[in-house]
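Read off the chains here:
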Amino acid sequence: MDFLIFKAPMLMVQASLDGILLGILFALIAYGMALQWGVMNIINIAQGDLVILGGYIAYTMYLAGIHPAWGVIVSPIIMYFVGWALYKLVINKVVDRDLFISILATFGIAIVFQQLMNFIFGADVVVAQSEYGTTMLFDNSVTLPNSKIFSAFISVLYAIALVVYMKKSRLGRAIRATAQNARAAKILGVDTEKVYAATFGINAALCGIAGALISITLTLHPYVGLPYTVRSFMIVIVAGLGNLPAVAISGMGLGLFEEFADYILGTEFRIGAVFMLLVFILVYRRFKLSKKREYLK
Amino acid sequence: MTAIKQKDLILYSGLIILGLVAPFLFSAFKVQLTYLCVLIVLAMTWNLQGGEMGYNSFGNILFYGLGMYLTASVQVGMFFPLAEWTESGGEKTFVHTTAQYFQGIGVGLLVAAIVPTIVAGAIGYAILGLRGHYFAICTLGLGIAAGEIAGGIEIIGAGQGFTTPPFPAEIVDPEARGQFFYFLSFLVLVLAFVFVKYIYGSRFRLILNAIRDNEDKAEAMGIQTMKYKIVGWMCSAFFCGLAGGIMGGLIGYIDSTDVAFDGREMGVFMVLMAILGGKGTLWGPIIGATLFHFFKEGLWTFILGWQYVALGVLIVVIVVYFPEGLMGWLREKYPERFGEVIDEKDRKAQVELK
């Protein structure tokens with residue numbers, strides 16, 4: 001095989017580091033999806049578009065002259081309310097319904113979000129400059145933008161903060177109780193409606209953080225939301241709901257897969273490879289389960 | 001098949017006559033009418049496995065796009081080298097004669113119908129083992145992956161797109177092109193209707209319904225569910241491929257993600273139309289598609305730029321407030337017209353209970 005990546009071992013190191021740092025970011029988005037999937041039993045196709053919207057908030061700050069890194073604090077606050085409003089408007093009507101209804105409804109939301117972002121921010125590919133410089137490793141043969149290290153660090157920080165919050169706080173316990181058994185939680189005095197709204201808000205806030213980090217590490221475009229949705233969906237079905245270390249590891253695995261696919265297949269097939277991986281994972285799990293005469297639930 | 005009732009006979013012959021004279025009556029709207037026929041075919045065949053079988057697919061666009069690329073490729077490849085055609089941007093260097101054009105599109109449509117059916121059969125065993133939302137997401141992934149991959153393949157034009165052969169210049173009548181595509185799509189529509197109507201009267205439909213209502217029980221009753229699921233999907237794929245082939249010729253230009261594997265438009269439209277009219281009914285998707293097309297064409301020009309916002313809002317509203325569709329609503333309102341017998345005493349007793 002005469003691929004460049006197999007001839008130059010340093011490229012391998014480069015791709016691995018890029019992949020792992022990127023994967024941590026994916027894991028953060030996937031964590032949000034796992035949270036609301038587990039609690040509300042909803043698959044949110046608009047997840048990726050929430051991420052992009054969060055990114056545009058940071059980008060707007062950058063345009064206004066504020067350093068985009070502050071976006072990781074401002075963007076989740078705004079996105080929390082966006083998520084909360086979205087829940088009150090649409091999601092609360094699909095919580096108890098068939099999952100396909102929630103998929104289609106959030107698909108509609110995704111289309112609206114994409115188009116609105118297209119109107120407001122334009123259809124150009126944009127990036128917010130963090131001006132953090134780059135770190136050179138191994139005799140300058142591996143370049144690592146500091147913004148990527150920063151984004152991975154922030155992701156881990158927020159993930160830990162959220163885990164602690166879910167364990168210790170009253171709302172966190174209410175959310176976990178609702179996830180286990182919504183009816184029992186209701187009987188015991190948990191306002192499940194409020195819990196659902198908060199869960200969706202927290203999910204949107206996580207997307208906001210991820211989006212702000214994407215705005216300084218990768219690029220933003222109104223129509224690139226869906227791949228993020230699919231990535232987080234993939235991570236969740238591989239890792240399972242509520243298994244945080246597995247989410248982190250499969251996130252990094254996905255990041256690695258993507259970077260290597262990028263080098264081996266070429267950049268034009270990168271998104272295609274992600275979607276094909278989704279199909280392969282689902283089919284693989286289906287065959288594995290069908291041996292026991294079971295199916296994915 | 002049972003004998004067609006006289007009332008139905010009048011209805012069907014009326015519709016066929018309407019379909020045959022429509023391009024002459026509304027000469028300016030021929031392209032719109034062709035679109036309508038294709039949309040109805042897509043909605044009707046989506047309904048076959050989305051509504052009847054309960055397997056909500058976002059990925060039928062895969063077969064549609066496949067059919068589109070196959071028709072155009074066969075039409076060109078039969079007479080000219082395909083690679084040079086796409087490289088030169090199509091029609092500038094090579095010209096199809098009239099006979100070549102029609103032979104090409106005939107064979108192309110045949111291939112476009114058969115290959116997607118085979119593909120559906122081949123991947124069916126793997127994909128249809130998934131259930132519910134996993135199936136929906138998996139097919140969504142398939143459709144988008146197909147678009148992304150087609151956008152990277154050089155021989156079919158990659159990202160620049162692929163010009164389909166233009167209508168032969170020897171036919172000078174300016175109406176001819178529109179009429180040709182209209183009658184082609186109308187023929188496919190009639191074929192699809194007869195086929196779906198036949199299925200609605202057959203045991204096959206009952207099996208599909210059994211799969212939708214409870215697959216495990218259907219299997220326990222001795223139905224080989226996998227076999228019927230694959231056949232159901234293949235039926236959809238057959239007509240999706242044909243519809244795609246016609247649309248490719250009509251539009252005259254194929255782009256990987258915006259025209260062929262257009263999950264954002266066609267892929268959603270077919271689901272939406274079937275739901276709007278009412279899933280799991282014969283006439284629902286037809287009415288849904290017609291309404292949707294009128295709404296779209298009427299409104300699109302007034303809200304230029306905002307059409308996707310309107311589309312998204314429409315999806316949310318239909319899905320959240322109207323999941324049973326028009327036929328479902330009518331059925332609830334006038335159950336006796338759908339052949340449902342209501343026991344008045346029982347109904348009253350239930351009302352009192354509430």
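Criteria and cut-off values
Per chain, residues are indexed from 1 in the order of the written sequence. Each chain is given a letter, starting from A, and each ligand a number, starting from 1, according to the order in which they appear as written. In view of the model being predicted, local features appear only for residues whose pLDDT reaches at least 70, and side-chain atom pairs are presented and counted only at 80 or more, with totals across whole chains, interfaces and linings using the full set of residues. Helix and strand labels come from DSSP, where a helix needs a run of H or I of at least four residues and a strand needs a run of E of at least two; each type is numbered from the N terminus. When we talk radius of gyration, it's over C-alpha atoms, and the globule rule is simply 2.2 Å times the number of residues to the 0.38. Buried residues are those with 20 or more other C-beta atoms within 10 Å of their own C-beta, exposed residues have 12 or fewer, and partly exposed residues lie in between; C-beta atoms are placed from the backbone. Placing a C-beta atom from the backbone of each residue, one calls two residues in contact when those atoms lie within 7 Å. Among buried residues, those of type Ala, Val, Leu, Ile, Met, Phe, Trp, Tyr and Cys that are joined through C-beta atoms within 7 Å form a set called a nonpolar core. In this description, a line fitted to the C-alpha atoms serves as the axis of each element, helices being fitted only across the stretch in contact, and the angle between N-to-C directions of two axes falls anywhere from 0 to 180 degrees. We call two directions roughly parallel when the angle between them is under 35 degrees, roughly antiparallel when it is over 145, roughly perpendicular when it lies between 65 and 115, and oblique otherwise. In a left-handed crossing the near helix is turned counterclockwise from the far helix by less than a right angle, and in a right-handed crossing that turn is clockwise. The predictor rates its confidence in each residue with pLDDT, a number between 0 and 100. The directions considered for the arc run from the helix axis to the C-beta atoms. For this classification, the nonpolar set comprises Ala, Val, Leu, Ile, Met, Phe, Trp, Tyr, Cys and Pro, the charged set comprises Asp, Glu, Lys and Arg, and every other residue, Gly included, is treated as polar.

J.: Residue-level account of the overall build of chain B, with values.
T.: When helices and strands are counted, chain B shows 16 helices and two strands. For 354 residues, the compact-globule estimate of 2.2 N^0.38 gives 20 Å, and the C-alpha radius of gyration of chain B, at 21 Å, lies within 12% of that figure. Considered along the principal axes of its C-alpha atoms, chain B spans approximately 75 × 45 × 45 Å. The buried share of chain B, taken over its 354 residues, is 46%. Taking contacts inside chain B between residues at least 6 apart in sequence as the whole, the part at least 24 apart equals 82%.

J.: Which residues make up the overall build of chain A, and what are the values?
T.: If you tally the helices and strands in chain A, you get twelve helices and two strands. Going from the N terminus to the C terminus, chain A shows its helices and strands as α-α-α-α-α-β-β-α-α-α-α-α-α-α. The C-alpha radius of gyration of chain A comes to 19 Å, within 12% of the 19 Å expected for a compact globule of 297 residues. If you line up chain A on its principal axes, its C-alpha atoms span 65 × 55 × 35 Å.

J.: Describe the nonpolar core, with residues and values.
T.: Counting 192 residues, the largest nonpolar core has B:Val41, B:Ala243 and B:Ile315 as its most contacted members. Apart from residues no more than four positions distant in its own chain, B:Ile315 is found in contact with A:Leu104, A:Phe107, A:Gly108, A:Ile111, B:Val268 and B:Leu272.

J.: Mind laying out the packing of helix H12 (residues 270-290) of chain A against helix H6 (residues 132-150) of chain B, listing which residues take part and the relevant values?
T.: Between two packed helices, the angle of one axis relative to the other and the distance separating the axes together describe the packing. Across the interface, H12(A) lies against H6(B) with an axial gap of 8 Å and an inter-helix angle of 150°. Our classification of the angle between H12(A) and H6(B) gives roughly antiparallel. The interaxial crossing formed by H12(A) with H6(B) has left-handed handedness. For the pair H12(A) and H6(B), the contacting residues are A:Ile271, A:Gly272, A:Phe275, A:Met276, A:Leu278, A:Val279 and A:Leu282 in the first and B:Tyr134, B:Cys138, B:Gly141, B:Leu142, B:Ile144, B:Ala145, B:Glu148 and B:Ile149 in the second.

J.: Could you give an account of the interface of chain A and chain B, naming the residues involved and the relevant values?
T.: The interface of chain A with chain B comprises 34 residues on the first partner and 32 residues on the second. For the side of chain A that touches chain B, the secondary-structure elements that each account for two or more residues are helix H5 (99-121), helix H10 (225-239) and H12 of chain A. Of all the elements, H5(A) adds the most residues to the side of chain A that touches chain B, at 13 residues.

J.: Break down the confidence of the model for chain B for me, citing the residues and quoting the values.
T.: Within chain B, residue pLDDT values average 83, and 93% of them lie at 70 or more. Taken over the whole predicted complex, pTM reads 0.85, whereas the ipTM for its chain interfaces reads 0.83.

J.: Break down unusual backbone geometry for me, with residues and values.
T.: All names here are of chain A. A positive phi angle, near 55°, is found at Asn41, a position not held by glycine. Tracing the chain through its elements places Asn41 in the loop between helix H2 (9-40) and helix H3 (47-63). Its 17 C-beta neighbours within 10 Å are what place Asn41 among the partly exposed residues.

J.: Break down helix H7 (residues 170-180) of chain A for me, with residues and values.
T.: Residue and element names in this part refer to chain A. Looking only at H7, the buried set comprises Ala174, Ile175, Thr178 and Ala179. End-on, the buried residues of H7 take up no more than an arc of 135°, which puts them together on one face. Every exposed residue of H7 that faces more than 90 degrees away from the buried side is listed here: Arg170 and Gln180. Contacts from the buried residues of H7 go to H2, helix H6 (146-168), helix H8 (182-187) and helix H9 (192-217).

J.: Please give an account of the environment of B:Leu314 that cites residues and values.
T.: Along the chain, B:Leu314 falls in helix H14 (residues 307-321). Its 20 C-beta neighbours within 10 Å are what place B:Leu314 among the buried residues.

J.: Before we move on, can you summarise the confidence of the model for chain A with the specific residues and values?
T.: Interpreting fine coordinate detail is not advised for predicted regions of low pLDDT. Mean pLDDT over chain A stands at 85; residues scoring 70 or higher make up 97%. Per-element confidence in chain A is highest for H9(A), whose mean pLDDT is 91, and lowest for helix H1 (residues 4-7) of chain A, whose mean pLDDT is 66.

J.: Got a sec to walk through the packing of helix H7 (residues 176-200) of chain B against helix H10 (residues 225-251) of chain B? Specific residues and values, please.
T.: Residues and elements named next belong to chain B. Where H7 contacts H10, the two axes come as close as 10 Å, and the packing angle between them is 170°. As the angle between them shows, H7 and H10 are arranged roughly antiparallel. Along the contact surface, H7 presents Phe181, Leu184, Ser185, Val188 and Ala192, while H10 presents Phe239, Leu242, Ala243, Ile246, Gly249 and Leu250. Tallied by class, residues from the contact of H7 with H10 come to nine nonpolar, two polar and no charged.

J.: Which residues make up the environment of A:Phe150, and what are the values?
T.: Residue and element names in this part refer to chain A. With respect to the helices and strands, Phe150 occurs in helix H6. The exposure class of Phe150 is partly exposed, given the 18 C-beta atoms found within 10 Å. Each C-alpha atom, one on Phe150 and one on Leu21, is 9.4 Å from the other, the two residues being 129 residues apart in sequence.

J.: How would you summarise the environment of A:Ser250 if you had to cite specific residues and measurements?
T.: Residue and element names in this part refer to chain A. Within the element layout of this structure, Ser250 appears in helix H11 (residues 244-265). Remark: the alpha-carbon pair of Ser250 and Ile24, spanning 226 residues in sequence, is separated by 9.2 Å. Setting aside anything within four residues of it in sequence, one finds Ser250 in contact with Ile235, Val238 and Ala239.

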